[in-house]
Structure formats: structure tokens, C-alpha cells
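Structural features, examined
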Amino acid sequence: MAEYKWPDADKRTFIGKRISRIDGPQKVSGRAKYSSDVNRPGMLFGKIVRSPHAHAKVKSIDTSAIEKWPGVKAIHVIAEPGTELYWAGASVVALAAVDEPTAEDAMQAVKVEYEVLPHLVIDTDTKSAGEFAKQATENKTGDPDKGFSEAEVTIEGNYGLPMITHCCLEPHGSVMEWDGDNVVAHLSTQAVSGSVALIARPLEIPATSVRVQQDHIGGGFGSKFGPDEWDITAARLSKKAGGKPVKMFNPRDAELMVAGARPSDYARVKIGLKKDGTITAWESQSWGTGGIGGGGSPPIPYIFNVPNQRKQHTNIVNHVGSARAWRAPNHPQAAAITMTALEDAAAALNMDPYDFFLKNIELTGQRAQIYSDELKIAADLIDWKKDWHSRGDKTPGHMKRGLGLSIHTWGGLGHASDCDLTIQPDGSVELKMGTQDLGTGTRTALDIIVADTLGIPMNAVKISIGDSRFPTSGGSGGSTTIGGISASSRRASLDALDQIFAKAAPALDAKPEDLEAVSGTIRVKSNPSKSLTWAQACSKLGATPLTVRGKNPGPGSLTNQGVGGAQMADVSVDIETGIVRINKIVAVQDCGLIIDLKTAESQVYGALIMGVCYALYEEKIMDAKTGRMLNPNMEFYKLAGIGDIGELKVHMMTGKGYDERGVIGLGEPPVVSPGAVISNAVANAIGVRVPYLPLTPDRVLEALEKKGGNNARI
Amino acid sequence: MQDDDKMNEKGSGLSRRTFLKVSGISLSVPLVMGHRVIKVSGAEVKVFGPGKVPIQLTINGKNLSAQVEPRVTLLDALRNELDLTGAKRVCDRATCGSCTVIIDGKAVYACAVLAIEAQGKSITTVEGLMQGENLHPVQQAFIDNDAQQCGFCTPGFVVACKAFLDKNPNPTPEQVKKGLGGNLCRCGTYMGVRAAVAQAAQKGGRRNG
């Protein structure tokens, strides 16, 4: 019976090393097929007519003009007359045509009449939201009145960040093929196994008739736990068109309008302090939106459990494309409000925020020591003690430099995961799992674990994922994938190895428990010269391959949850133009046992860059009058480019004290702090707080002009 | 063309993009049959379409044929007619670089070029960078430095890097930041791309042509 644990550091061949991703050659050569790359014989192109109004009722739909077009093969009304639509870009009518130009022309020829209804798309204050603002009951901890009466210094400030979108480079969508009684869905999804039932239900077919396939996905970030209504529609069009496959992917404008958003959050914060830096009380009135379903509820104050709190949150329900999970839901908002307010508190006390954070670090609870260790490493990496100055860079000239910091946390426990590991009598090995690789390196991690456990080269293992016919594995969200898939594949590999040992033992004149798998051999631990090659050992299976099911959860302690991270930023601000430039950002992050150091670091680098995007550039700009998004394109919905990110440094907390915890997810945590660290660095540079992200030049200049951001517009 | 007339009547803003897609006007396009000649500002120009016209493209050294409407972009012709899906459609309006191809030695956004205009030119797509099963040094450098996550921007980035290094064999970091500023990545792989460019430059990104 195998002991279900990770190998000790000196026994690891691949685990924890810097391994290049195994699907790299496919990706760099253009051979990697994404769902939107799938071309099928006779394939039609689907398009959707969308509402131009933020709030409307469909009065009538006239598709007669295109019904006789030879190139139009199917029409499907999504929103029947009478249907209320809650955001601009809502789907009304879909059609499928022989090619894209025909489909685009056909869209123009569909006539839809709307009854336009009043809308709200602005979320900058709760008063003007009127009936759309839903105030929650006040939330009280400790004795806030006492906390503020004991305070020697009280600060107040405004903070917040707007709705942003996911902007996956591969838009949402699918190629749907209604083949006889079966539906094959080439879906762009973060949940291959989990999409089957969700496709079957609205189509009223058995889930056993649905197959989801996806080799690669071009970004999800929380927005692709589909299928979406347009995917179901594509299947319906395929059925109406006699089973011809239908490709339906969002054009970029629809993608940015309707296919996901991160809720906004704003807050007026008051903090009570002792002059020595002790935090005595927190008070906040916060609000935000995530569209018609409302927004999130960011946990403020974030991480620092201030003893006395009074909080009230207002949810604005409005007519913007609905929110979806966005990498580390609620945490970036909570950090951008809390860590900035705390930095303002330190500035009011004329304390170094590094000292102020450490002074209060016990308020962070069980991870206080990890945060302290990480802050110290980050400070060394960015020369904090040398380069930090009190608020406002006093050096002459228009370029002002500043430093900022923040800390963050996340859970990251592994999700449920099944896999089948098959070992053939010729020694070839295949792992099948209904998971997906979001670019995090899931394929590579599986290969590392199986090869390391079986003592064979990585290229001797075939990794098969991205098909719902493989054993069920969880959706990739909330940093739950690596914990789930590493545990199930490790268990399967250990169980399979046990059986190989049992088959090989007689030939080696040893007991199974005395064998080990090392460097492509099965050998006797006490006498390594007594060995079989891997292939020889597997030949003892006879003619029958061995298949072992691995599961998570399962026996042994292979995964864990709860991580801490610290980040610091060094920025320069031109106070004449208001332009913020990143000089450097450092990230110090723990995530338990690291499977692949190379791809783990890549995720942290990527999170920092995504953080620069939402700190400096990203905003879903809504027009109050028309209710439409003004920047549903990539010229004006801005992302950082290769020259905008400064120098980035990632330090992973690994080795003793971390490895023993087991595997913990990493995707979310490092994206939490960048908004806060950059905002704090800008405040340190220019001497005043720019209250709201993104830190665009106009916001920076306004904060400078008003000598502080408390009166600035959102 | 009827579409054009309708647009003009309305006087509504004919976007650059729409214009590109509906106009199909080209001054010098060889090998295409069935055009009309009209006068625009006193000059004679050939007008193709609006129906499908035969085109021939020279892609990765091969001559490939397709039938497309004149408004179809090179990107859509590659992806939808020729099953060359390495170039990706992301912004579809010349912002993000995910569809970058090389035309006559120059990095070009394939979403901003009409397929009929690309005739008679030498087009290299990401599929044409490998020699047999051997990766181009830029491709190998992208793997070695993990300059990819989801990989959707990667083909465009690889092609852009190849074209960039052909012109700047030993770029400074500042040149890299400017020269590759036309390719956007959402996962955040720029650190890897910088390292990949440095590696490929040292090993000779030009080596394979």
C-alpha cells in the first residue's frame, strides 16, 4: 500500500525544477488548435444581433428579409417579443450563414423594434442610483465608537476601482456540431467536464449525448465557466441547419460588452490610530456594481482584522453586462481599498508604511510570520530602506519617484479530480483527465508528476486532457486546479507503481515494498544493481494493460490551502503630464510545494502585468446617456504593452517550511496587490492620494490640483 | 456598389474598418479576373466584387488559391479559407498584433490587409517559420524562456520577433520595448518575450532566413 505523500527534496527528479512547458512547441508553431481554430467540413458562421439599448423590451422581430437568402442556413430568435433586455449587447436574434460576410450582411437585414426603458449604467455614487441602490445592513465588529474615541489620529479617504473586463484574447464561443443524436461542442472553456450537463439541459438531450472538446484555451481568467447562451444558440442553429457545424465566437466589441466584468467597488474609509501606529478602529461606507446581478462584496478591511469596525455596503444593480468571476474575485478590490487607506494612515503618522504594516502584522492572524518574512525579502529586492522617503518626492524637477507596498492572501485548495493512468505492457504510459490547461501549465505539471513518480522520462508519458470523455476533473477557477490534478495524478501513479512492483518483484527475487523506480528502472533499494528496465518490468503485465483510477480528495495529505504574498512597487510620475511609469515591481509569494518553478514564476509575472493593466489603464467606460460601453475595442480598452511594465522580480517562497504543506494554487494571489502597490507608490511619489484606479494622467493631475483626492470625481 | 451608396446617403460615419471591408478598391492587383473600372477623383481604378473573386496568395513559399469577397481580410482568408489558423483574430482592427504575418519582409497585421491586396507578395505566417521539424531560433527561445501562457498571442508575437530581429539583429532593451510594442498579451508574458528576444539575438534570429 503506497504512502501518499510527495517525495523528499533529494528524491525529486522533475518536481520543483524549472521545466519548459510540454505544449510549447505546438504553441510557438501555430499548431496548437484553440476551439476558435476548429474548422469543420461544411461549417457555418453564426452571428448574433444584439440590443443597442441598455434597457429595453423587444417589441417585434422581422427576419423575413433574410429567410430566403441562399447563404443563410438557420435563424433562431433568442429574445422573443416581450422579452426584457438588461444591458446593451444583449442577444436578440441569431443566424448561421455559409460564410462570415454573408452572416454579417444578414445581421444588418434583421429588423428589431424595441421599447426603450430607463437605464442606469453609472455607479459613481449611491444617491443618484436611487432605487437601483440596495443598502445592506450595517456590519459591526467590537466597539467602533470606543475605538474611534481612543484614537489619537483619525484619517478619512476615498478609494475605489471601476468595472473592468476580462478581455480574453480568444473571445468566448464555440464550434457546435449537432451530429445525429449527439452534440459535439468545441467550446472555449475553463470547465471541460463541467460543461456537459450545462449544454445538455437547455437542449433537452441526455448529457451522455454531449461531448466537450478543447485542446487549448486563449484565456479565461474566471469568465469562461460556460457554456454561454450563445453556445447553446450555436447548437440550436446547427440542429436547424441539418447538423452542419456552426462556429460562433464573439466579435471583440461584444466580448468586451457582455462576456464578463469585474465588479467595481468604491469606499469612503475612516481609520482611528494611536500615534505609535496602533490601529484602533475602521469605518467604511462602500458601494459597487456588477451589472444587473449586482456586484461583489469585497472583504474590507482586507487581511488586517481591525478590532473595532463599522461597515456598510451598498450594492448597485444596473444595466451593464453582468459580472463574472475575475481572477481572485473580490480580493483586488479589497486590497485596493484597504492597503491604500492603511498607507494613508501611515503617512498621516509620518511612519514608514513598512514599519506600520509590521507594527500591526499580528492583526493578520495565522500568516503574520509569513507576511513579515515576505515583506523583508521584498524590501531587500527593491531597496526599500534606501529608496523610501516620506510622502512626496522633494527632489526638484517634474519627475517624482515613490515606493509602495501591499500584502494579500488566497485559499487555493485543490478541487475534485479523477484521472485514469494506463501503463501498457510495452512500458508506454498515458494519463487521461477531463481537465484543461489555461496556460498555467497543467499538462506539464501532470507530466512532471507522473514521470517523477514512475521514474521515467517526461517524454515517455502521454498526457491526454481537454475531453469530457476522460475522467471528470474540476473547472479551473479559484486556483484550485494544480492542487486537484497534482493529487489525483500522484495517487494514480503511486498505485500503479505498487502494481508494477508486485509484478516485477518475483523476477528480482525481492519483496514489492523493497523496490524503487529510478531512472527508467525498477530496482532493489538495498542493491540497485538488481534491476529491470521500465519496459522489462511492464512486460510482466502480460498482454493486459494496467489502468488505475486516481482521485482527489483521497488518502494522504498532498494539498493544502491558504497563502500569503507581499509586493512592492517603484514608480515615477511626471507631474506635468500625469503619466505614471513603472520602474520596478517585486513579488514575493508562497504556494506550498511547487511542481514546476518555471511556469509558477510565469504566473506571478503575468499577474503583475495584469495588475499594471488594471492599475494604470483598464476601465469599462460607460456612457450615461446611451447606456453603451464607449470603449469596446482594444485601442481604447487599454492593456499594457511590453514597454509599460518596468522591471519585474519574482521570488517564490519554497523549500523547507513551504514544501511540506503540499501543493496550493497560485493563479489568483499575485494579481491581488498590484493595484494597491502602484497606487501607494504614486501617492508616495507625488505627495497626494489619487483615490481611484486606473491612475490615468487626468486623475493624477486632478489629485495634484486639488491637493488630495478626497474631492476628486470618480 | 449599392452598399457604398447606402452609406453615402446616410452620411453616417463610415469607419476606417468598414471602409476597408466594403470598398474592395485596389490600384494594382494582378491575376484577378472580372473587375470593373471606375473613375475616382479623376483616376481610373479597378473595382472588384462585391461577389467572390478568385485570388492567389504566395504563403510560406506555396501558391494557394481561394475564392473570397474583396472585403475579406488576409487574416480571415488565412483562417477561414486556407485553414492556416496560427494567426489569431483578437482585436480585428490593427491594435493587438495577434495576427502578425510577414509580407515582403515586413511585419504586418493581417487583419488590416485585404486578401486581394496581398496577392503577388511573399507572405510568411507562423506556420512557415519551422524548417521541417526544426524550430526557428525565435520559437525555441520562446519555449526556453516561457514566453507564453495561454499561447493565443504567441504566434503573432513569434512572427513579430522574427521580423524585428531580422531588422535589428542586436537590439537594445529600449529597442525591444519599442519594436515589439505592437503585440499585446493578456496573460502577461512580456518578461519571457524580452528574455526570448535576447536569447534569439545571441543565437542569431536571422539564421533560418
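Scroll up a little and you will see the structure.
In this text the structure is predicted, and so the values were computed from the model without any measurement.

Here we take up the overall build of chain B. Along the backbone of chain B there are seven helices and eight strands. Taken across its 209 residues, chain B has 53% of its residues classed as buried. Within chain B, contacts between residues separated by at least 24 positions form 55% of all contacts whose residues are at least 6 apart in sequence. A total accessible area of about 9,000 Å² is found for chain B, and carbon and sulfur atoms account for 50% of it.

A few words on the state of the cysteines. With the rule as written, the count across this model stands at zero disulfides over all chains. The thiol sulfur of Cys167(A) is not disulfide-bonded, and the nearest other cysteine sulfur, from Cys168(A), lies at 7.6 Å.

Attention shifts here to the nonpolar core. Nonpolar side chains tend toward joint burial in soluble globular proteins. Of all hydrophobic cores here, the largest spans 179 residues; its most connected members are Met339(A), Phe356(A), Ile407(A), Met568(A), Ile678(A), Phe142(B) and Leu180(B). Tallying contributions element by element places helix H15 (residues 597-616) of chain A first for this core, with 13 residues. Setting aside residues up to four positions removed in sequence, Ile678(A) forms contacts with Ala569(A), Val571(A), Ile582(A), Ile585(A), Gly611(A), Val612(A), Ala615(A), Leu616(A) and Leu695(A). Formed by 47 residues, the second largest nonpolar core is a distinct cluster that contains Met458(A), Ala537(A), Ile595(A) and Val663(A).

A few words on the packing of aromatic side chains. All names here are of chain A. Following the criterion strictly, the structure yields eight aromatic pairs over all chains and no others. Look at Tyr 266 and Tyr 692: their rings are 5.7 Å apart centre to centre, the planes differ by 75°, and that puts the pair in the edge-to-face class. Of the two residues, Tyr 266 is situated in strand E16 (residues 265-273) and Tyr 692 in the loop between helix H16 (674-686) and helix H17 (697-705); the sequence distance between them amounts to 426 residues. The pair formed by Tyr 266 and Tyr 692 is uniform in burial state, with each residue classed as buried.

Residues and elements named next belong to chain A. Here strand E21 (residues 429-432) shows a clear split, with Val 429 and Leu 431 buried on one side and none of Glu 430 and Lys 432 buried on the other. The hairpin formed by strand E20 (residues 417-423) and E21 contains five residues between the paired strands, and Gly 427 there has a positive phi angle of roughly 95°. Two elements, E21 and strand E22 (residues 461-464), share four bridges in a ladder whose sense is parallel. In the strand pairing of E22, Leu 431 is matched with Ile 463. Each parallel crossover has a hand, and for E21 linked through helix H12 (residues 442-454) to E22 it is right-handed.

About the criteria used
- Residues numbered from 1 in each chain as written.
- Chains lettered and ligands numbered in written order.
- Predicted model: local features only at pLDDT ≥ 70, side-chain atom pairs only at ≥ 80, totals over all residues.
- Heavy atoms only, no water.
- Helix = DSSP H or I, 4+ residues; strand = E, 2+ residues; numbered from the N terminus.
- Buried < 20%, exposed > 50% of the residue type's maximum accessible area, 1.4 Å probe, protein only.
- Contact = heavy atoms within 4.5 Å.
- Areas by Shrake-Rupley, 256 points an atom, 1.4 Å probe, with all protein chains shown as cover.
- Disulfide = S-S within 2.5 Å.
- Core = buried A, V, L, I, M, F, W, Y, C linked by side-chain atoms within 4.5 Å.
- Phe/Tyr/Trp six-rings, centres within 6.5 Å; stacked < 30°, edge-to-face > 60°.
- Pairing = 2+ DSSP bridges.
- Right-handed = clockwise from strand over helix to strand, strands pointing away.

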